[in-house]
Structure formats: C-alpha cells, structure tokens
Amino acid sequence: MGTERLPGDLAEGSELDRIVDEVVSDARLTAAALRPEERDYLKEHALKKPLGVGQIWALGVGAVITGAYFGWNPGLGIAGPIGMLLASLFVCVLYLAWVLSLSELSVAMPFAGGPLAYGRRALRPWLGFVMGWSMFLESLFAMIGTAIATGGYVYFILNLVLQNMVSGAPGELDKPLVTTLAALVTVGVFALVQCLGARQQARLMEWMTYGAIAGLVWFWVACIPAVRLERIFTEPLLPNGWSGVLKAIPYAIWWLVIIETVALAAEEAHEPHRTIPRGLLLAQLTLIALVVLTWFFTAAAGDDYRKTGDLEYPLPWVYAEVWPGRAHLPHLLAFAVVAICGMIASYNGMLYAVSRQSFSLGRAGYLPRFLGRVHARRRTPDASILVWSLAAAGFVIWSYFNSRAVEVAVLTCNLAALIWYVLAMVCLYVLRVKEPDMPRPYKVPFYPFLPALVLVMSLFAAGVYAWEQNTVVLWVTAIMYAAGLAYYFGFARTRLATAAPEELAARRSNVPPHGGSDG
C-alpha cells in the first residue's frame, strides 16, 4: 500500500481546468451547462486529486484506530468482558453494513461535501445542511476528544519517566497542565501539516497508521503471558445483565466511529469509483480484526475488568500489570511512545474530516463563505483548517477545568454520527426511487436489506442514549444542532452558491435551487 505518484500532484493552469472538468463530470453535467462565472467559482475552490487505494485505506484506519487506545473501556467496566464483546460485535455489524451502503452514495456523488451532497440531492437544502452539520459535529468532537487524550498519553509517559528514571524527582507532574499543553501542541502541529497539502498529510497518515497498528500488535504479544480465560468468562457472565450490554453500546461505537471520513475524500481521490469502495472495505475489515483482538487481550490479561473500565488509558495500564517493576520500564515506555502514533494518526484524520466538511459547507454557502477558501497554490482548505484548529484549542483549554471533557466529547461525537447514519440511509432509499437511472458505479449489495439494517441498528443505538439519560451529552448535542439550524434558517438558506459541486449535482436532478420551498 505504498504511496504511488498519481495525476493531480499539481493544480495549476490546464491541470486546474482538468480538475474542474472532473468535478463537472461527477455532477453529471456537461461543461456547456456551466456559466463562465460558475466555472471560475469552481476553479477558485478546486481540490487536488492525489489519493489512491493505499491512502484511502490509511485514512480510514488511521482516523479510527485511536478508538482501540482509549474511550471504549468504560463499556468493559459496565457490561463485563462478554457483555462488551456483544456490544462490540453489534457495532462491527453496524459499521460493516454502513460502509457498504455509504460507498454507493460517496461514489455516485464524489464531493468533499459528502453528506451535504446526499441530502441536497435526495430532498431539500435543509436536509443537506442537517446531514453536513451532523458529520461536522461528529468529526469536531472526535477531534477534540482525541487531542485531549493525546495530551493525556504524553503526560503518562513524562510522569512515568519522572517517577522511575529521575533520581530525587519531586512529586507527580501537574496532570491537567501537562495534558492541556501537550494537546495544544498536537493541535498546532497538525494544523500546519494539513495546510501543507493533501499528499503530504496522506503520506504522513499512512506511516502513522502503520505505527499505530504496530503498537497494537506489540500490546497483544506483550499480553500473551498473562492471558487467563477465566477473566473473560466471569461469574455471572453478564454482571449487569442485558442492560449492561445496552449501556456499553455508546462506548463500543467509539471503536469504529469516523470511518466515514473516507467518503469526504472522494473529491480528492484518483478514480473514486475504484479507490473509495476498495479502500473503505479494506479499512473496515482491518479495523474489525483490531477491535476483537484488542478487546480479547485487554480483558484476558488485565487483573480486573472493573478497574480497567475506570481507566482513562487502559492499554499502558494493562501492559504495566503484565510486566510490573522497574526492570520492564524501558519497553513499557517504548510501547507508550509507539501508542501515540495511534492518537496522532486519528487526530490527523479527524482534522481532515472537520476541515473538508467545513470547506464544503462554506463553499456552498451553508456556512460563512470564507470557510470555503482554498490556498491558491497548495489547494488546501486552509481557512477551515485554521478556524477549527483554534476552536479545538479553545475546547482543550476548557478541558483543563473539566475532567469529564473527553467522555463528553466522545459520546457527543457518537450521537451526532448516529443521526446522520439514519438520514443517509433515508437518502439512499429516496434516490433509488426518485432517480433509478442515476449513474451508480458501485451499488450496495443485498439492497434493500443492508441499508435497512443500518437504519434499524442506528435508531436502536440512538435510543440507548435517551434511555441512559446522559443529560450533559444530550444538552450539548441539542445546543449545537440549535445553533446550526438557527444560522441556516436565519441567514444561509437564501445565500447558497449555485456553482458549488453539490448544488450542480442537485441541478442535474432538478431539485429547486436556493432552498426550493425552504426559501
């Protein structure tokens, strides 16, 4: 899965015209259907197309792999090892069906807008906005949670070194301060990396993904001497019954959430009809294997699943339980350093998702237009990258005063994801009925049953949130949706850009422009 050189490395002159022609073709229009000012608008907002199957695979796995390192383990404490396995398998089935269904939409409408394009073409602009906003919120809160968690891993490493390798060291480091500073450095470094260009961040993402997978394999091998099956097959088998399994589902979603980031790469993918389905499916199968093996070794090697469930960062802790004492400190530290690859790979992928979704919403006029700006030479959405990196930095600073910030971010991300999964499947059904002849280079297998499975399972998982009555997460989610809808209905709906690719695709399907009945 190496980084091959592909067309689209440069986006100047005739090369930029070629990219615009491809976007027009993806919208199922002819060049003659564009007005000159619309073609100029597309040129100003065009992205490069350098990504192949290897980079798509790395983006999918890299964006998600942080879920194996933190965030899922509270479900282990709630449901027990077997209960967490059942919740995780539920989520694995949901996401396998999801990526197969999503591929049909992302290949038929290969735009950076992704959800915006699907909802806009299927029904009305308001639905496009709600879907785009949902994916944006999902990615933003995942990015925030991962930035803070990366800072926490850095604190763990520094504190371990201080306590065990520095003679005469004072007490423990200031955890909130070190975590916050390290998280802010993560935000700043990757804002710079993303601004440098799609190919550069894709190459870095690929290597970080390899490092993150190597870290998990290292953990599995290290845990083998301590594996005890009786730790998995507890008495009783489900300590909190089936209600514990249900309560674990929101945490299990964190294993695989954000895999849909790949759909946002369609506009930057070389031959998206081939690269997106292959890269997405390979990424999902890889992640399912990582989920099952990480669950097994964490549960079977850790001394007490309840204690593991209470930890912020379970893997280094279990590793230290298997290999205790100062003699094993060097390889524990080495593992913790490699584990950071998983955190930063995912942060990079999440920033990619946030910036591309913001870019597409800004380009089409659903968010402030300056967010749709791209760098004149590198063709990266630098305005969106910088704005939302600053927003993430603000949340990181807030986390200094709130110890539950990571949990709230993770659960808010997962709930927003479920909302747009449901809406995406509604769009898939609507488009199959409304536009049966729409070009679909890839079609979801086992239609209509597989999309129905995604729809039912997503509604079920979302219902668990209401049943659990996690008021903080529900309020945060409600406020963010209220703010987005207020902006759309109060300002944006009458100012949409007709030349945005998502709007061009809607023109092809004869959906009324500029809001239709919304306006």
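Just so it is clear, the structure is predicted and the values come from calculations on it, not from any experiment.

**A closer look at the overall build of the protein chain**
Reasoning step 1: Along the backbone of the protein chain there are 19 helices and zero strands.
Reasoning step 2: By sequence separation, contacts in the protein chain at least 24 residues apart represent 84% of the contacts at least 6 residues apart.
Reasoning step 3: Summed over all atoms, the accessible surface of the protein chain reaches about 18,600 Å², with 68% contributed by carbon and sulfur.

**A closer look at the nonpolar core**
Reasoning step 1: Tyr95, Trp98 and Tyr118 are the most contacted members of the largest nonpolar core, which has 165 residues in total.
Reasoning step 2: Here Tyr95 is in contact with Ile253, Leu256, Val257, Ile259, Glu260, Gln284 and Tyr421, once residues within four sequence places are set aside.

**Side note on the packing of aromatic side chains**
Reasoning step 1: In this structure the tally under the stated criterion is 29 aromatic pairs.
Reasoning step 2: Judged by centre distance (5.0 Å) and plane angle (85 degrees), the rings of Tyr400 and Phe401 are edge-to-face.
Reasoning step 3: Under the relative-accessibility criterion, Phe401 is labelled exposed at 66%.
Reasoning step 4: Taken together, Phe129, Trp133, Phe136, Tyr366, Trp388, Tyr488 and Phe489 form an aromatic cluster joined through their ring pairs.
Reasoning step 5: Here the guanidinium or amino end of Arg432 rests over the ring plane of Tyr447, the centre of that ring lying 4.0 Å away.
Reasoning step 6: Note that Arg495 overlies the ring of Phe491, its terminal NZ or CZ placed 4.0 Å from the centroid.

**Some points on the environment of Ile419**
Reasoning step 1: When you line up the elements, Ile419 lands in helix 16 (residues 405–434).
Reasoning step 2: You can call Ile419 partly exposed: its relative accessible area is 29%.
Reasoning step 3: Sequence separation between Ile419 and Met135 is 284 residues, and the spatial gap between their C-alpha atoms is 8.9 Å.
Reasoning step 4: Once residues lying within four places of it in the same chain are set aside, the contact partners of Ile419 are Ser134 and Tyr481.

**What about helix 3 (residues 53–64)?**
Residue pairs spaced three or four apart in an α-helix point in one direction, given the helix's 3.6 residues per turn.
Reasoning step 1: The end-to-end C-alpha distance of helix 3, which contains 12 residues, comes to 17 Å, matching closely the 16 Å that a straight helix rising 1.5 Å per residue would cover.
Reasoning step 2: Within helix 3, 12 of the 12 residues are buried, which leaves the element mostly enclosed by the surrounding structure.
Reasoning step 3: Every buried residue of helix 3 is listed here: Val53, Gly54, Gln55, Ile56, Trp57, Ala58, Leu59, Gly60, Val61, Gly62, Ala63 and Val64.

**So, the pattern of salt bridges**
A pair can form between side chains of opposite charge whenever their charged atoms are brought close.
Reasoning step 1: This model, assessed by the stated rule, comprises nine salt bridges.
Reasoning step 2: For Glu312, the salt bridge is made with Lys175, and the minimal N-O distance between the two is 2.2 Å. With Glu312 in the loop between helix 12 (305–309) and helix 13 (314–322) and Lys175 in helix 7 (residues 175–196), this pair connects stretches of sequence that are 137 residues apart.
Reasoning step 3: In this structure Lys175 comes out as partly exposed when scored by relative accessible area, which is 31%.
Reasoning step 4: Taking the shortest distance from any N to any O, the salt bridge between Glu321 and Lys307 comes out at 3.2 Å. In this pair, Glu321 is assigned in helix 13 and Lys307 in helix 12, connecting sequence segments 14 residues apart.
Reasoning step 5: Counted as one network, the salt bridges with shared partners bring together Glu104, Arg432 and Arg440.

Rules used in this analysis
Residues numbered from 1 in each chain as written. Predicted model: local features only at pLDDT ≥ 70, side-chain atom pairs only at ≥ 80, totals over all residues. Heavy atoms only, no water. Helix = DSSP H or I, 4+ residues; strand = E, 2+ residues; numbered from the N terminus. Contact = heavy atoms within 4.5 Å. Areas by Shrake-Rupley, 256 points an atom, 1.4 Å probe, with all protein chains shown as cover. Core = buried A, V, L, I, M, F, W, Y, C linked by side-chain atoms within 4.5 Å. Buried < 20%, exposed > 50% of the residue type's maximum accessible area, 1.4 Å probe, protein only. Phe/Tyr/Trp six-rings, centres within 6.5 Å; stacked < 30°, edge-to-face > 60°. Lys NZ or Arg CZ within 6 Å of the ring centre and 35° of its normal. Expected span 1.5 Å × (residues − 1). Salt bridge = Lys/Arg side-chain N within 4 Å of Asp/Glu carboxyl O.

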